[in-house]
Amino acid sequence: MINIKPVIYKELQKVADNVTDTYPDDWENFPVVIFLEEQNKPGEWYDEKERKSNIRYKVDIFDKDSTSSLAVEIDKIFASLGLRRTDCQDVPDPSHLRHKLMRFEGIVDLDSELVYQYRMEKDR
């Protein structure tokens, strides 16, 4: 298993001040960026050891105005870490805030820390 949450947190703080991996206490300072590790499961085992981990992160962006420019910056961050964006969508929110949901995935080699990608459905 690998933990890259501290790296992601540090990078997200470069583009937004209100970043958290829990439900935010601060709903006064926008934008609000919530990132969660949705999956971190063994991808390959050999020699009785986990060699690769499949990881997926979810990012929610909330703002009073547009979330698009921040979403582009967040996409660049995850791409620089080798994680592919697998989803990005606007989500209706009862608070009337703008809400963008994004997901990023990759397969991390635990020895080299290189990140591989799943084959996308249209790549097959």
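Throughout what follows, the structure given in this document is the object of discussion. Throughout, residues of each chain are indexed from 1 in the direction in which the sequence is written. The predicted nature of this model means local features are confined to residues of pLDDT at least 70 and side-chain atom pairs, given and counted, to a pLDDT of 80 or more, with totals for whole chains, interfaces and linings taken over all residues. Note that water and hydrogens are dropped before the side-chain values are worked out from all heavy atoms of the structure.

**Some thoughts on the side chain of asparagine 18**
Point 1. Relative to the elements of secondary structure, asparagine 18 occurs in strand S1 (residues 18-20).
Point 2. Its relative accessible area of 11% is what places asparagine 18 among the buried residues.
Point 3. A polar contact is formed between the side chain of asparagine 18 and the backbone oxygen of asparagine 29, at a distance of 2.9 Å.
Point 4. By definition, residues are in contact when any of their heavy atoms lie within 4.5 Å. Ignoring any residue separated from it by four or fewer positions in sequence, one finds asparagine 18 in contact with Asp26, Asn29, Pro31, Val32 and Val33. Counting from the N terminus, the helices are DSSP H or I runs at least four residues long and the strands are E runs at least two residues long. Burial classes follow relative accessibility: with a 1.4 Å probe on protein chains only, a residue under 20% of its type's maximum area counts as buried, one over 50% as exposed, and anything between as partly exposed. Contacts described as polar in this section are N or O atom pairs within 3.5 Å, which, within protein, must combine one atom able to donate a hydrogen with one able to accept it, while residues neighboring in sequence count only if both atoms come from side chains.

**Concerning the packing of aromatic side chains**
Point 1. For Phe, Tyr and Trp, where Trp contributes only its six-membered ring, two rings pair if their centres lie within 6.5 Å, and the inter-plane angle classes them as stacked under 30 degrees, edge-to-face over 60, or tilted in between. Counted according to the given criterion, the structure contains 6 aromatic pairs.
Point 2. Relative to phenylalanine 62, the ring of tryptophan 27 lies with its centre 5.2 Å away and its plane at 80°, an arrangement referred to as edge-to-face. Of this pair, tryptophan 27 sits in the loop between S1 and strand S2 (32-46) while phenylalanine 62 is found in strand S3 (residues 49-63), placing the two residues 35 residues apart along the sequence.
Point 3. A relative accessible area of 26% means that tryptophan 27 is categorised as partly exposed.
Point 4. Here phenylalanine 62 falls in the buried class, since its relative accessible area comes to 9%.
Point 5. Ring centres 4.0 Å apart and planes at 5° place the aromatic pair phenylalanine 78 and phenylalanine 104 in the stacked group. Of this pair, phenylalanine 78 sits in helix H2 (residues 68-80) while phenylalanine 104 sits in strand S5 (residues 98-109), and the two are 26 residues apart along the sequence. A single burial state applies to phenylalanine 78 and to phenylalanine 104, both of which are buried.
Point 6. An aromatic cluster of three or more residues is present, and its members are Tyr23, Trp27, Phe30 and Phe62.
Point 7. Of note, lysine 52 hangs over the ring of tyrosine 116, and the distance from its end group to the ring centre comes to 4.8 Å. Two thresholds decide whether a charge sits over a ring: the Lys NZ or Arg CZ must be within 6 Å of the ring centre and within 35 degrees of the ring normal.

**A short note on the pattern of salt bridges**
Any two side chains of opposite charge can pair, so long as their charged atoms come close to each other.
Point 1. Salt bridges are counted wherever a side-chain nitrogen of Lys or Arg sits within 4 Å of a carboxyl oxygen of Asp or Glu. Counted by the stated rule, this structure contains 12 salt bridges.
Point 2. Here lysine 5 makes a salt bridge to aspartate 21, at a shortest N to O gap of 3.0 Å. Here aspartate 21 lies in the loop between S1 and S2 and lysine 5 lies in helix H1 (residues 5-12), a separation of 16 residues in the sequence.
Point 3. In this structure lysine 5 comes out as partly exposed when scored by relative accessible area, which is 22%.
Point 4. Among the residues examined, aspartate 21 registers a relative accessible area of 32% and is labelled partly exposed.
Point 5. Residue lysine 76 pairs with glutamate 73 through a salt bridge whose shortest N-O separation is 3.4 Å. Of this pair, lysine 76 and glutamate 73 both sit in helix H2, 3 residues apart, roughly one helical turn.
Point 6. Given the relative accessible area of 49%, lysine 76 is considered partly exposed.
Point 7. Note on glutamate 73: relative accessible area 33%, which makes it partly exposed.
Point 8. If you follow the salt bridges from partner to partner, you end up with Glu38, Arg56, Asp87 and Arg103 in one network.

**Some points on H2**
Point 1. A helix is expected to reach a length of 1.5 Å times the quantity of its residues less one. Taking 1.5 Å per residue as the helical rise, H2 with its 13 residues ought to reach 18 Å, and the 19 Å between its terminal C-alpha atoms agrees with that figure.
Point 2. Listed as buried for H2 are Leu70, Ala71, Ile74, Ile77 and Phe78. Down the axis of H2, the buried set is contained in an arc of 115°. They therefore lie on one face. Of the residues in H2, the exposed ones pointing more than 90 degrees away from the buried face are Ser69 and Ser80.
Point 3. At its buried positions, H2 is contacted by H1, S2, S3 and S5.
Point 4. Where H2 ends, the next residue or the one after it, glycine 82, has phi of about 90°, a positive value. Comment: arc refers to directions from the helix axis out to C-beta atoms.

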